[in-house]
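# Tertiary structure, described
The lines below spell out each chain.
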Amino acid sequence: MKVGGDHRRLPETPEQTSIPRRARRVRMKIGIIGAGNIGGNLTRRLTALGHDVSVANSRGPHTLKQLAEETGATPVRVEEAARGAEVVVVTVPLKAVADLPSGLFDEAADGVAVIDTGNYYPRERDGRIAGIEDEGITESRWTERQIGHPVVKAFNGTYAQDILDRARPAGDPDRMALPVAGDDEAAKRKVRELIDELGFDTVDSGGIDDSWRQQPGTPVYGLRGGVDAVTKALAEASPGRTDAFRG
């Protein structure tokens, strides 16, 4: 959340589910950095959809043998995860973001979309991060500065098991919607199309400076709702960081 920031309105006519549906599924090369609950389940779903997935973690490819055998994903070193990738998912604890290798995206595909699933948990895990709390920037803006690349914030308030269990076809009344924030409109569209393919609607929650609307402690965080419910929750968010999420 942007401490001391203005409580800006969402766009009056936000893009919601108006993303174009592709005539056929396009196989993409996707890198996933982090093989925890979110990273592991995205690996499972994206390989099942036919994408070419490389997955990495901090402990090395040899620790990913079971996930690779289960899914057909390719285990790689973190330094190799983005090589040739059109989409890269960064899903590591926020405290570990600053330790990611420099030049991580140098060999990625042109126009690579980088998804940031991270959340700042200062008391439970990450410790106090001055850039977030003292400067009042959003968590994803801080992440951008560390990795040197624009990000699209998505999946940060999604239960990992829901990625496996709650996918629904377009138009299903029980289809969940996920908020998506980012400054790069082309990258954001690519991510929203991928989420649609995974079986979820999306709501455009604005740019990265607006992404406080979906950080921990906000109404949309952990919400299992459709487009209308998510849009309403984003509009009701307050920019002040709650005490539970301060270091």
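All values reported here derive from a predicted model rather than from experimental measurement. (Residues numbered from 1 in each chain as written. Predicted model: local features only at pLDDT ≥ 70, side-chain atom pairs only at ≥ 80, totals over all residues. Heavy atoms only, no water.)

## Describing helix α6 (residues 139-147)
Note on helix geometry: an α-helix contains 3.6 residues per turn, so any two residues three or four positions apart are oriented the same way. Test applied: For each residue, the accessible area found with a 1.4 Å probe, counting protein chains only, is set against the maximum for its type, and the residue is called buried under 20%, exposed over 50%, and partly exposed in between. Going along the chain from the N terminus, every DSSP run of H or I of four or more residues is numbered as a helix, and every run of E of two or more is numbered as a strand. Residue contacts are counted whenever heavy atoms from the two residues lie within 4.5 Å of one another.
The buried count for α6 comes to seven of nine residues, which makes it a mostly enclosed element. Buried within α6 we find E139, S140, R141, W142, T143, E144 and I147. Where α6 is buried, its residues touch α3 (94-97), β5 (113-116), α5 (130-133) and β6 (152-153). Positive phi shows up at G148, right after α6, with a value of about 70°.

## Notes on the packing of aromatic side chains
The cut-off we apply is this: Think of it this way: a Phe, Tyr or Trp ring, Trp meaning its six-membered ring, pairs with another when their centres are within 6.5 Å, and the plane angle makes it stacked under 30 degrees, edge-to-face over 60, tilted otherwise.
Counted under the stated rule, the structure contains one aromatic pair. An angle of 45° between the planes, with centres 6.4 Å apart, marks the rings of Y121 and F245 as tilted. Note that Y121 is positioned in the loop between β5 and α4 (122-126) and F245 in the segment after α9 (227-235), a separation of 124 residues in sequence. Overall, the relative accessible area of 15% leaves F245 in the buried class.

## Re the confidence of the model for the protein chain
This is how it is decided: Confidence scores per residue from the predictor, reported as pLDDT, run from 0 to 100.
Per-residue confidence for the protein chain gives a mean pLDDT of 91; residues scoring 70 or more make up 90%. Below a pLDDT of 50 lies the segment residues 1-15, which in the model reaches 46 contacts outside its immediate sequence neighbourhood of four places, other chains included.

## Re the pattern of salt bridges
For clarity, the threshold we go by: Any carboxyl oxygen of Asp or Glu that lies within 4 Å of a side-chain nitrogen of Lys or Arg is treated as forming a salt bridge with it.
One pass over the structure, following the stated rule, counts 18 salt bridges. Between D116 and K153 there is a salt bridge whose closest N-O contact spans 3.9 Å. With D116 in strand β5 and K153 in strand β6, this residue pair connects regions lying 37 residues apart in the sequence. For the residue pair D116 and K153, the accessibility class agrees, reading buried in each case. Across the salt bridge formed by E144 and R141, the nearest N and O atoms sit 2.6 Å from each other. You can see E144 and its partner R141 sitting in helix α6, three residues apart, about one turn around the helix. Salt bridges here are not isolated pairs; linked through shared partners, they connect R141, E144, D183 and D209.

## With respect to the side chain of N57
The criterion, for reference: Each polar contact in these results corresponds to two N or O atoms within 3.5 Å; when the atoms are within protein, one needs to be able to donate a hydrogen and the other to accept it, and residues that are neighboring in sequence are counted only if both atoms are side-chain atoms.
For N57, the location among the structural elements is in the loop between β2 (52-56) and α2 (65-71). Of the polar contacts made by the side chain of N57, one reaches the backbone nitrogen of R59; its length is 3.1 Å. Reaching out from N57, the side chain makes a polar contact with the backbone nitrogen of G60 at a distance of 2.9 Å.

## Here we look at the pairing of strand β7 (residues 177-182)
The following threshold applies: Being paired, for any two strands, means DSSP has found at least two bridges between them. Handedness of a crossover is defined as follows: with both strands directed away from the viewer, a clockwise route from the first strand across the helix to the second makes it right-handed.
Burial analysis of β7 places six of its six residues in the buried class, which makes it a mostly covered element. As defined by bridge partners, β6 adjoins β7 across two bridges and the pair is classed as antiparallel. For V152, the partnering residue across the bridge sits in β7 and is G182. Alignment of β7 against strand β8 (residues 201-204), held across four bridges, turns out to be parallel. Residue A177 lies in a different strand from β8, and its bridge partner there is D201. The parallel pair β7 and β8, bridged by helix α8 (residues 185-198), forms a crossover whose chirality is right-handed.

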